[in-house]
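Listed here are the chains, written in short residue letters.
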Amino acid sequence: MSLYQILFYVFASVAVVAAIRVVTVKNPVHAALFLVLTFFSTALIWILMEAEFLGIVLLLVYVGAVMVLFLFVVMMLDVNIAPLREGFIKNLPVGVFVALVMIVELALILGPASFGLDIYPSPEPAPADAGNTLAIGQVLYTKFVYPFEIAAFILLVAIVAAIALAHRRRPGVHYQDIDAQVRVRAEDRVRIAQLDADKTRRGDLSDESSAKQDKETS
């Protein structure tokens, strides 16, 4: 067994175990951290398959950005995980069946040689000077530039919606009332005090205030 196969089995095993822990752990924060480990192991598998761009994007975008947002959302929403786990055992056979089907599909698509099966030969490795970053960039920012921008806009809307859900109807949280701000009047916000300029200049106003305070105290 070559070093490539050893690394593949190690990373694949870590990814499978971490994915199982995502759906079995009780703490949602721990589940998000196990999902980070799953993404990291999957990115290393992508790099082993000479898909360096996909591996780096998985690390930078999902592990470095998306999962951080997931953690913030989970901690802000105070998710009660107990009701969500009530049907876990009941749906476990269906989940195991779907997982087995996905494993078989991966074995057929990624290459049986990686799993120790010689059904058909693996494709020849790419030349040393060949890279997929330039090819993906040319296609992504020319032919698929509009879907790329739409996906970015959808992610932005999801972030705003998560923050709005986190701060909706929580005690002690100040939020904007747009309707009240639009209907505000100047007399509701500004109070004009009328002062006698002569008394203020002579200091009589301050003396009258002090005398009034002394009278109220006595």
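Only a predicted model underlies this, so the values are computations on that prediction, with no experimental measurement involved. (Residues numbered from 1 in each chain as written. Predicted model: local features only at pLDDT ≥ 70, side-chain atom pairs only at ≥ 80, totals over all residues. Heavy atoms only, no water.)

## Focus: the nonpolar core
Under the convention used in this document: Only buried residues count toward a nonpolar core. Its members are Ala, Val, Leu, Ile, Met, Phe, Trp, Tyr and Cys residues joined through side-chain atoms within 4.5 Å. Accessible area is worked out with a 1.4 Å probe on protein chains only. A residue is then buried under 20% of its type maximum, exposed over 50%, and partly exposed in between. For the purposes of this entry, the term helix denotes a DSSP run of H or I that reaches at least four residues, the term strand denotes a run of E that reaches at least two, and both are numbered from the N terminus. The contact criterion used throughout is that any non-hydrogen atoms of two residues lie within 4.5 Å.
With seven residues, the main nonpolar core is built from Ala32, Phe39, Ala43, Leu58, Val63, Met67 and Leu71. Elements with a minimum of two residues in this core: α2 (28-48) and α3 (52-77). Per-element accounting of this core gives the leading share, four residues, to α3. When residues no more than four places from it in sequence are discounted, the contact partners of Val63 are Val36, Phe39, Phe40, Leu58 and Val68. Judged by nonpolar contacts, the second largest core, of five residues, contains Phe8, Phe11, Ala12 and Leu48.

## Considering the confidence of the model for the protein
Applied cut-off: Known as pLDDT, the predictor's confidence for each residue is given on a scale from 0 to 100.
When the pLDDT values of the protein are averaged, the result is 75; 69% of them are 70 or greater. Within the protein, the lowest mean pLDDT, 54, falls on helix α11 (residues 204-217), and the highest, 88, falls on helix α1 (residues 3-24).

## What about the side chain of Ser41?
Within the secondary structure, Ser41 sits in helix α2. Not counting chain neighbours up to four residues away, the residues in contact with Ser41 comprise Phe11, Val14 and Ala15.

## Some thoughts on a nonpolar patch on the surface
Here is the rule we go by: Like-charged residues are merged into a patch within 9 Å and nonpolar side chains (Val, Leu, Ile, Met, Phe, Trp, Tyr) within 5 Å, provided each residue has over 30% relative accessible area and no salt bridge. Only the protein chains shown count as covering a residue, and every accessible area follows the Shrake-Rupley method with a 1.4 Å probe. Basic side-chain nitrogens of Lys or Arg form a salt bridge, by our definition, when they fall within 4 Å of a carboxyl oxygen of Asp or Glu.
Judged by side-chain polarity, Val68, Leu69, Phe70, Phe72, Met75, Ile159 and Ile163 come together as a nonpolar surface patch covering roughly 590 Å² of accessible area. Broken down by secondary-structure element, the contributors of at least two residues to the nonpolar patch are α3 and α7 (145-166). Looking at the nonpolar patch, the element that brings in the most residues is α3, giving five residues. The exposure class assigned to Val68 is partly exposed, which follows from its relative accessible area of 34%.

## Observations concerning the packing of α1 against α2
A pair of packed helices is characterised by two quantities: the angle between their axes and the separation of those axes. Our working rule: Helix axes use the C-alpha atoms of the stretch in contact, all axes being lines fitted to C-alpha atoms, and the angles between their N-to-C directions lie in the range 0 to 180 degrees. The scheme is simple: roughly parallel for angles under 35 degrees, roughly antiparallel for over 145, roughly perpendicular for 65 to 115, oblique for anything else. Left-handed describes a crossing whose near helix is turned anticlockwise from the far helix by less than a right angle; the clockwise case is right-handed. All residues other than Ala, Val, Leu, Ile, Met, Phe, Trp, Tyr, Cys, Pro, Asp, Glu, Lys and Arg, Gly among them, are scored as polar; the first ten of these are nonpolar and the last four charged.
One can describe the packing of α1 onto α2 by two numbers: an axis separation of 8 Å at closest approach and a directional angle of 155°. As far as their axial angle goes, α2 and α1 are roughly antiparallel. Every pair of crossing elements has a handedness; the one defined by α1 and α2 is left-handed. On the side of α1, the interface is formed by Tyr4, Leu7, Phe8, Phe11, Ala12, Val14, Ala15, Ala18, Ala19, Arg21 and Val22, while α2 contributes Ala31, Phe34, Leu35, Leu37, Thr38, Ser41, Thr42, Leu44, Ile45 and Leu48. By residue class, the composition of the contact of α1 with α2 is 17 nonpolar, three polar and one charged.

## Digging into the packing of aromatic side chains
Formally: Aromatic contacts are taken between Phe, Tyr and Trp rings whose centres are within 6.5 Å, Trp giving its six-membered ring; a plane angle under 30 degrees counts as stacked, one over 60 as edge-to-face, and the others as tilted.
Overall, the coordinates contain three aromatic pairs when judged by the stated rule. Plain terms: the ring middles of Tyr141 and Phe148 are 5.3 Å apart, the flat faces sit at 70° to each other, and that makes the pair edge-to-face. Relative accessible area serves as the criterion here: at 32%, Phe148 is assigned to the partly exposed category.

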